[in-house]
Amino acid sequence: MDKDILILAIESSCDETAAAVVKNGSEVCSNIISSQIDLHTLYGGVVPEIASRKHIEKINQVIEEALRVSGYELTQMDAIAVTYGPGLVGPLLVGVSEAKAISFATGIPLIGVHHIEGHISANYIENKDLEPPFICLVVSGGHSHLVVVKDYGEYEIIGRTRDDAAGEAFDKVARAIGLGYPGGPKIDKLVAKEGNPDAIRFPRAKVEENAYDFSFSGLKSAVLNYLNGCRMKEQEICVADVAASFQQAVVDVLVDHAMHAVKQYDYKTFAIAGGVASNSALRKAFAERCKAEGIRFCHPSPILCTDNAAMIGAAGYYEYIKGVRSDMDLNAVPNLRLGER
């Protein structure tokens, strides 16, 4: 296109109220995130009703700040991109309602964006020359997807979790060993300082029907059984070793499945996305395997792995240039599947 395309993006699928201005799909002019982590930590996890109320309180402020930091006016936006699924229905409704209201009042086109597509698109922001096709592993609190990115906005899910997502397993194990919420960052921080990943041999699950699928409920149960066994025998529990051994089991499964897919599909580029993609052990393991096998490894910065609006703006840009527009009947779809509209 001859002119720059400016996207105002809104993300509110869980407990981050976020807005961003993105130029041409990869230049982040602003990326404002209002996190609710401290609030939900009191409850050991996200409380949807509280999250929804906080989104309502913060969303106007966050959008105004995103525009101010970007240096652009609302009237200069070419489109408004908003996450409409998957996620928590209450929080999603806040973002979708806000985006629809702005679009209706200004006449600026509206584009509904899939949350997972946003995570994948975060890779385009810092890897300017990245183009499909490639394999992407999306790992977060609610999703563990192995995806073939065939083209912009065109995906094939070849592997998914059969039970707990990787991030969900991190949260449950962290709670069991007394680290609290959010589990992923706290386990990562503890293991980085201390902890032996080879101290305890936890299981690495494989799904017979599909070599690319994941299952983490058995690993979670194995950790809980180990902890209960130690307590019954009055044996000392080294929390750091449990955390490190659990994390290593998750990393091993994610890396093995993903690298198997990359080789089977004969792709030379692999990317990761989602909250768990900021895990230092996972990033290191993928960097080493990809280097050894001559595969290009792409990953967003940690801030772009969390729920943020810049990634929604990147995904929204590619939808915009394809001519995708959403009507005023756009609604929140909490169980939206990747590739559906």
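To be clear, the structure that these remarks concern was listed above.
Residues numbered from 1 in each chain as written. Predicted model: local features only at pLDDT ≥ 70, side-chain atom pairs only at ≥ 80, totals over all residues. Heavy atoms only, no water.

Colleague: Would you take a moment to explain the overall build of the protein for this structure?
Modeller: Along the backbone of the protein there are 11 helices and 10 strands. Expected size for 341 residues packed as a compact globule is a radius of gyration near 20 Å; at 20 Å, the protein falls within 12% of this value. Classification of the 341 residues of the protein by burial places 54% in the buried group. Taking all contacts inside the protein whose residues are at least 6 apart in sequence as the whole, residues at least 24 apart take part in 73%. (Helix = DSSP H or I, 4+ residues; strand = E, 2+ residues; numbered from the N terminus. Rg over C-alpha atoms; globule rule 2.2 N^0.38 Å. Buried < 20%, exposed > 50% of the residue type's maximum accessible area, 1.4 Å probe, protein only. Contact = heavy atoms within 4.5 Å.)

Colleague: When you look at the state of the cysteines in this model, what are you seeing that I'm missing?
Modeller: Disulfide: a covalent bond formed between the sulfur atoms of two cysteine residues. Applying the stated rule across the entire model yields 0 disulfides. Cys 238 carries a free sulfur, and the closest cysteine sulfur to it, the one in Cys 230, is 10 Å from it. On the basis of relative accessible area, Cys 238 is assigned to the partly exposed category, the value being 38%. Unpaired in terms of disulfides, Cys 290 finds its nearest cysteine sulfur in Cys 298, a separation of 9.1 Å. (Disulfide = S-S within 2.5 Å.)

Colleague: Just to check I follow, could you spell out the nonpolar core for this structure?
Modeller: The nonpolar side chains of a soluble globular protein tend to be buried, and buried together. If you look at the biggest cluster of nonpolar residues, it comprises 51 residues, and the most contacted ones within it are Leu 137, Leu 146, Phe 216, Phe 246, Phe 270 and Phe 286. If you list the elements that add at least two residues to this core, you get strand 6 (134-139), strand 7 (144-151), helix 5 (166-176), helix 6 (183-193), helix 7 (217-232), helix 8 (239-265), strand 9 (269-273) and helix 9 (280-292). Broken down by element, this core gets its largest block of residues, 15 residues, from helix 8. Residue contacts for Phe 270: discarding those within four places in its chain leaves Ile 135, Leu 137, Ala 258, Met 259, Val 262, Phe 286, Cys 290, Ile 295, Arg 296, Phe 297 and Cys 298. Judged by nonpolar contacts, the second largest core, of 36 residues, contains Ala 9, Ala 18, Val 113 and Tyr 155. (Core = buried A, V, L, I, M, F, W, Y, C linked by side-chain atoms within 4.5 Å.)

Colleague: What is the right way to read the packing of helix 7 against helix 8 from this model?
Modeller: At a closest axis distance of 11 Å, the pairing of helix 7 and helix 8 adopts a crossing angle of 160 degrees. By the angle class used here, helix 7 and helix 8 are roughly antiparallel. For the pair helix 7 and helix 8, the sense of crossing is right-handed. Listed contacts from helix 8 to Leu 219, Val 223, Tyr 226 and Leu 227 of helix 7 are Val 242, Phe 246, Ala 249 and Val 250. For the contact of helix 7 with helix 8, the per-class residue count stands at 8 nonpolar, no polar and no charged. (Axes fitted to C-alpha atoms, helices over the stretch in contact; angles between N-to-C directions. Parallel < 35°, antiparallel > 145°, perpendicular 65-115°, else oblique. Left-handed = near helix turned anticlockwise from the far one by under 90°. Nonpolar A, V, L, I, M, F, W, Y, C, P; charged D, E, K, R; others polar.)

Colleague: In this structure, what is going on with the environment of Cys 290? I would like to understand it.
Modeller: Looking at the secondary structure, you find Cys 290 in helix 9. On the accessibility criterion, Cys 290 (0% relative accessible area) is buried. Considered as a pair, Cys 290 and Phe 270 are 20 residues apart in the sequence and their alpha carbons are 8.1 Å apart. Apart from residues no more than four positions distant in its own chain, Cys 290 is found in contact with Met 259, Phe 270, Ile 295 and Phe 297.

Colleague: Help me out: how do you make sense of the environment of Ala 101 in this one?
Modeller: Secondary-structure assignment places Ala 101 in helix 3 (residues 89-106). For Ala 101, a relative accessible area of 45% gives the class partly exposed.

Colleague: What is the right way to look at the sheet that holds strand 3 (residues 27-35) in this model?
Modeller: By way of backbone hydrogen bonds, the strands of a sheet pair with one another, either parallel or antiparallel. Strand order in the open sheet made by the 5 strands is 3-2-1-4-5, with mixed pairing throughout. Edge strands, defined here as strands with exactly one partner in the open sheet, are strand 3 and strand 5 (110-114). Averaged over all pairs of adjacent strands, the angle between strand axes in this sheet comes to 20 degrees, irrespective of strand direction. Where helix 4 (residues 115-126) meets the sheet, its contacts fall on strand 1 (6-11), strand 3, strand 4 (79-85) and strand 5, and the angle it forms with strand 5 comes to roughly 95 degrees. (Pairing = 2+ DSSP bridges.)

Colleague: Explain the layout of surface pockets here, please?
Modeller: Regions of empty space are outlined by a rolling probe, equal in size to a water molecule, passed over the atoms. Considering only enclosed or pocket space, the largest pocket measures out at about 1300 Å³ in volume. Lining of the largest pocket is provided by 46 residues; of these, Cys 14, Ser 140, Gly 141, Gly 142 and Asp 307 occupy positions nearest its centre. Elements supplying a minimum of two residues to the lining of the largest pocket: strand 3, helix 4, strand 7, strand 8 (154-160), helix 5, helix 6 and helix 10 (302-305). Looking at the lining of the largest pocket, its residues break down into 19 nonpolar, 20 polar and 7 charged. (1 Å grid on protein atoms, 1.4 Å probe; cavity = no way out; pocket = protein on both sides within 12 Å on 5 of 7 lines; lining within 4 Å. Points joined across faces, edges and corners; volume = space filled by probe spheres on them.)

Colleague: Got a minute to help me understand the side chain of Ser 121 in this structure?
Modeller: Its location among the elements puts Ser 121 in helix 4. When near neighbours in sequence (up to four residues on either side) are disregarded, Ser 121 contacts Tyr 155, Met 311, Ala 314 and Ala 315.

Colleague: Even after reading the chapter, I still don't get the sheet that holds strand 7, so can you show me in this structure?
Modeller: Taken in spatial order, the 5 strands line up as 8-7-6-9-10 in an open sheet, and their pairing is mixed. The strands lining the two open edges of the sheet, one partner per strand, are strand 8 and strand 10 (296-298). Strand-to-strand, the axes of this sheet are offset by a mean angle of 25 degrees, without reference to chain direction. Both strand 9 and strand 10 contribute to a ladder of 3 bridges, which runs parallel. The residue bridging Thr 269 from the neighbouring strand is Arg 296, located in strand 10. Those strands touched by helix 4 are strand 6, strand 7, strand 8, strand 9 and strand 10, and its axis lies near 125 degrees from that of strand 6. The strands that helix 8 touches are strand 6, strand 7, strand 8 and strand 9; relative to strand 6, the one it contacts most, it runs at about 160 degrees.

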